[in-house]
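# Secondary and tertiary structure notes
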Amino acid sequence: MDERTALIVDDEPDIRELVGMTLAPMGIQCFPAATLAEARALLQQQPFSFCLTDMRLPDGNGLELVGTIQKSWPNLPVAVITAYGNVESAVEALKLGAFDFVSKPLELGVLRTLVETALKLAVPAEDRIEARPLLLGNSPAIQSVLVLIRKLARSQAPILISGESGTGKELAARLIHSSGPRADKPFVPINCGAIPEQLMESEFFGYKKGSFTGATQDKAGLFQAAHGGTLFLDEVAELPQHMQVKLLRVIQERAVRPIGTQAEIAMDVRILSATHKDLSKLVEEGAFRQDLFYRLNVIELRLPSLRERPEDIPELAGHILERLGHDHGLTSPHLTPAALEELRHYAFPGNVRELENILERAFTLCEGPEITPADLQLREPTTAPGWIPEPSEIPEPDSRPAMVTDLEGYLEGLERDAITKALEATRYNKTAAAEKLGISFRALRYRLKKLGLD
């Protein structure tokens, strides 16, 4: 459809005229309707690029029209006009399938942004060129997730992505972003548990020069960095109470106030959040604000654990091994049937992330083109819910003083020293050095690359 047309449903002539005057310079022809009956008649007569409807109409509620469009014209983007501050109605519209909302009195800049998003949604998904992240698998569990993601990508509603650690919550968020109308704008992930509490407000909202000691220049916050795109709040359950209040205000007002300023900056950001914790339980315990929970959890997307989709393990494993081989310039080994069978029956408390770690270790340890069960080094998890160690399993307390504060760095240093000495002893003959270290040539090449010694 080359001609861009809009169905504008509102019983106030002034609103219809204002919207028409705003959209005309954008090359959009507006068709006005004052009632639900007129809107339904126009929908039957011709196609539209998008629809904008008021909530309160003489012969019914705009939510009825949203439902009708979702049922009969599911590819038609529809947004609603709500009364100022009536967030509950806006949330209900988003749940019914509206992609966004705008509040009265209409701000022309916000209206234009909403219309630009609607026009992008009107383009068929197959006509958009996107490099999308992959959520692999053909199991019913993951296929139902992918179907829901395709629907969620069209909406601008906040989404709470839940699931165990390692199930791919950020990957799902990136897929929602890259499949929607904001794909050409930034995707900004924030780990809410990794930012020190005292720095959180300045990181989120930015600050003005001179607003506090050390603020030597203006700094834009992460919300501003995500303008026009998507902000992904990972581990949102870790937000302290004072930041929960500020985040709630930002979502309601669609504006941020940098530290040291009085003026608010309009914000065009879609918010996706994720957690492995039970937010509803935290709400009951008073650890998470109920009003914020309802704003973030307009729609919930639950990712299945790997235990719920074991039939996807072969495809996931093959993809991971192929990527490891490509990253390290080596031929990818393959899993023996016995090794694959062990993976199928493993519990995977760490889900896909743990599968990646297991295969990376096996990739390093395996000799030749095959990964055997011995290379996997699987061990059953001992931290299942309700597990209590036997007295004999509890290690004796170590009275030695703690000497290491960075274990990863310490072990990496030992590994680097051992490899360097072996190379020096063999005059940098890598084959001989690998033999001296008791590892395969493949394992040595992997470690050299990992440690930056190649």
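Residues numbered from 1 in each chain as written. Predicted model: local features only at pLDDT ≥ 70, side-chain atom pairs only at ≥ 80, totals over all residues. Heavy atoms only, no water.

Within the open sheet, the five strands sit side by side as β2-β1-β3-β6-β7. Their pairing is parallel. The open sheet has two edge strands, β2 (29-33) and β7 (100-103), and neither has a second partner. Averaged over all neighbouring strand pairs, the angle between strand axes comes to 20 degrees, with direction disregarded. Relative to β7, strand β6 (residues 78-82) runs parallel, the two being bridged by four bridges. Across the sheet, the residue bridging to I81 is V102, located in β7. Relative to the sheet, helix α3 (residues 62-72) contacts β1 (5-9), β3 (50-54) and β6, its axis offset from that of β3 by approximately 155 degrees. (Pairing = 2+ DSSP bridges. Helix = DSSP H or I, 4+ residues; strand = E, 2+ residues; numbered from the N terminus. Axes fitted to C-alpha atoms, helices over the stretch in contact; angles between N-to-C directions. Contact = heavy atoms within 4.5 Å.)

Right, let's talk about the packing of aromatic side chains for a bit. One pass over the full model with this rule turns up seven aromatic pairs. On the basis of an interplanar angle of 80 degrees and a centroid distance of 5.5 Å, the ring pair of F31 and F48 is categorised as edge-to-face. Of this pair, F31 sits in strand β2 while F48 is found in the loop between α2 (36-45) and β3, placing the two residues 17 residues apart along the sequence. F48 sits in the buried class, given a relative accessible area of 8%. (Phe/Tyr/Trp six-rings, centres within 6.5 Å; stacked < 30°, edge-to-face > 60°. Buried < 20%, exposed > 50% of the residue type's maximum accessible area, 1.4 Å probe, protein only.)

Now for the nonpolar core. Core analysis: the largest hydrophobic core is formed by 47 residues, its most contacted members being L7, I161 and L301. Not counting chain neighbours up to four residues away, the residues in contact with I161 comprise K169, A172, A173, I176, F232, S273, A274, T275, L301 and L303. One finds I190, A226, V236 and L279 within the second-largest nonpolar core, a separate group that totals 31 residues. (Core = buried A, V, L, I, M, F, W, Y, C linked by side-chain atoms within 4.5 Å.)

Turning next to the packing of α3 against helix α4 (residues 87-96). Closest axis-to-axis distance for the α3/α4 pair is 9 Å, and the angle between their directions is 15 degrees. Between α3 and α4, the angle is such that the two are roughly parallel. In this structure, α3 crosses over α4, and the sense of that crossing is right-handed. Contacts from L63, V66 and Q70 in α3 reach S89, E92, A93 and L96 in α4. In terms of residue class, the contact of α3 with α4 is made up of four nonpolar, two polar and one charged. (Parallel < 35°, antiparallel > 145°, perpendicular 65-115°, else oblique. Left-handed = near helix turned anticlockwise from the far one by under 90°. Nonpolar A, V, L, I, M, F, W, Y, C, P; charged D, E, K, R; others polar.)

Quick look at the sheet that holds strand β8 (residues 159-162) now. In space, the five strands of this open sheet follow the order β9-β12-β15-β8-β16, with parallel pairing throughout. Strands with a single pairing partner mark the edges of an open sheet, and in this sheet they are β9 (187-191) and β16 (299-302). Put simply, the sheet's adjacent strands are angled 20 degrees from each other on average, direction ignored. Where β9 and strand β12 (residues 230-234) come together, five bridges link them in parallel fashion.

The next point concerns the side chain of S179. Assignment of secondary structure puts S179 in the loop between α7 (169-178) and β9. A polar side-chain atom of S179 sits 2.8 Å from the main-chain carbonyl oxygen of L175. (Polar contact = N/O pair within 3.5 Å; in protein donor to acceptor, adjacent residues only side chain to side chain.)

Two quantities define a packed helix pair, namely the angle between the helix axes and the distance between the axes. Across the interface, helix α13 (residues 313-328) lies against helix α15 (residues 351-365) with an axial gap of 10 Å and an inter-helix angle of 50 degrees. The orientation of α13 relative to α15 falls into the category oblique. At the point where α13 passes α15, the crossing takes the right-handed sense. Facing α13, whose interface residues are L316, A317, I320, L321, R323, L324, G325 and H328, α15 presents V352, L355, E356, L359, E360 and F363. For the contact of α13 with α15, the residue count by class is nine nonpolar, two polar and three charged.

Along its 15 residues, α15 runs 21 Å from first to last C-alpha, staying within 8% of the 21 Å computed at 1.5 Å per residue. Of all the positions in α15, only N351, V352, E354, L355, I358, L359, A362, F363 and T364 are classed as buried. Elements in contact with the buried residues of α15: α13, β17 (334-335), α14 (337-344), β18 (370-371), α16 (373-376) and α19 (441-451). (Expected span 1.5 Å × (residues − 1).)

Residues V87, A90, V91, A93 and L94 constitute the buried set of α4. Axial view of α4: buried residues confined to an arc of 160 degrees, hence all on one face. Those residues of α4 that are buried lie in contact with α3, β6, β7, α10 (241-253), α12 (290-296) and β16. Following α4 by one or two positions, G97 adopts a phi angle in the positive range, close to 125 degrees. (Arc of directions from axis to C-beta.)

Below, the discussion takes up the pattern of salt bridges. Side-chain pairs of opposite charge can arise where the charged atoms are in close proximity. Considering all chains together, one arrives at 20 salt bridges under this definition. Residues E64 and R40 are paired through a salt bridge, measuring 3.8 Å at the closest nitrogen-oxygen approach. In this pair, E64 sits in helix α3 while R40 sits in helix α2, placing the two residues 24 residues apart along the sequence. Exposure remark for R40: the relative accessible area of 33% places this residue in the partly exposed category. The salt bridge involving E203 is made with K219; its shortest N-O contact spans 2.8 Å. Of the two residues, E203 sits in helix α8 (residues 200-205) while K219 sits in strand β11 (residues 219-220), which places them 16 residues apart along the sequence. Taking the relative accessible area as the measure of exposure, K219 reaches 30% and is therefore partly exposed. Beyond isolated ion pairs, a larger network of salt bridges with shared partners links D10, E12, D54 and K104. (Salt bridge = Lys/Arg side-chain N within 4 Å of Asp/Glu carboxyl O.)

These values are about where atoms sit, not about what they do.
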